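Listed here are the chains, written in short residue letters.
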Amino acid sequence: MITSVLAGTQFRVQLPSGHEVLAHISGKMRKRFIRLVVGDRVKMEMSPYDVTKARITFRLG
C-alpha cells in the first residue's frame, strides 16, 4: 500500500510484512498516465540485490 507520494514519480510503499521500500513507476504506467494516490494497493517488482527499492507495475485499487 502506498504510504506517501514523493517527487519525481517516486513513492514510499509499505509491504504486508511491515517493511517500507522506495518505489518508482514503470515506463508503461508512466506512458499510460496511470495516477497513483496514497492508499492504493500496488503490485511491484523487487530486485534480490537491493531490497529497499522496487518498481510499481500494476495498480490494484
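Everything numeric in this text was worked out from a predicted model, so none of it was measured.

## Quick notes on the pattern of salt bridges
Throughout the structure, instances matching the rule amount to 1 salt bridge. With a closest N to O distance of 2.6 Å, E45 and R55 form a salt bridge. Pair noted here: E45 is in strand β4 (residues 42-46) and R55 is in strand β5 (residues 53-59), with a separation of 10 residues, a long-range link. Residue classification places E45 among the partly exposed residues on the basis of a relative accessible area of 42%.

## Some remarks on the environment of S17
With respect to the secondary-structure elements, S17 resides in the loop between β2 (10-14) and β3 (20-25). For S17 and P48, which are 31 residues apart along the polypeptide, the C-alpha to C-alpha distance reads 16 Å. Within the structure, the side chain of S17 is placed 3.1 Å from the side chain of H19, a separation counted as a polar contact.

## Considering the UniProt feature "domain: S1-like" (unreviewed entry) in the protein
The UniProt feature table records "domain: S1-like" (unreviewed entry) at residues 1-61. Secondary structure content for residues 1-61 is 8% helix and 46% strand, and the end C-alpha separation is 10 Å.

## Quick word on the nonpolar core
Residues I2, F11, V13, V21, A23, I25, M29, L36, V42, A54 and I56 constitute the largest nonpolar core, which totals 11 residues. Elements supplying a minimum of two residues to this core: β2, β3 and β5.

## Some details on the side chain of S26
The residue S26 is located in the loop between β3 and α1 (27-31) in this model. With a relative accessible area of 10%, S26 lands in the buried category. Those residues in contact with S26, other than ones at most four positions away along the chain, are R55, I56 and T57.

Rules and cut-offs
- Residues numbered from 1 in each chain as written.
- Predicted model: local features only at pLDDT ≥ 70, side-chain atom pairs only at ≥ 80, totals over all residues.
- Heavy atoms only, no water.
- Salt bridge = Lys/Arg side-chain N within 4 Å of Asp/Glu carboxyl O.
- Helix = DSSP H or I, 4+ residues; strand = E, 2+ residues; numbered from the N terminus.
- Buried < 20%, exposed > 50% of the residue type's maximum accessible area, 1.4 Å probe, protein only.
- Polar contact = N/O pair within 3.5 Å; in protein donor to acceptor, adjacent residues only side chain to side chain.
- UniProt positions renumbered as here; feature names shortened; annotations may be inferred.
- Core = buried A, V, L, I, M, F, W, Y, C linked by side-chain atoms within 4.5 Å.
- Contact = heavy atoms within 4.5 Å.

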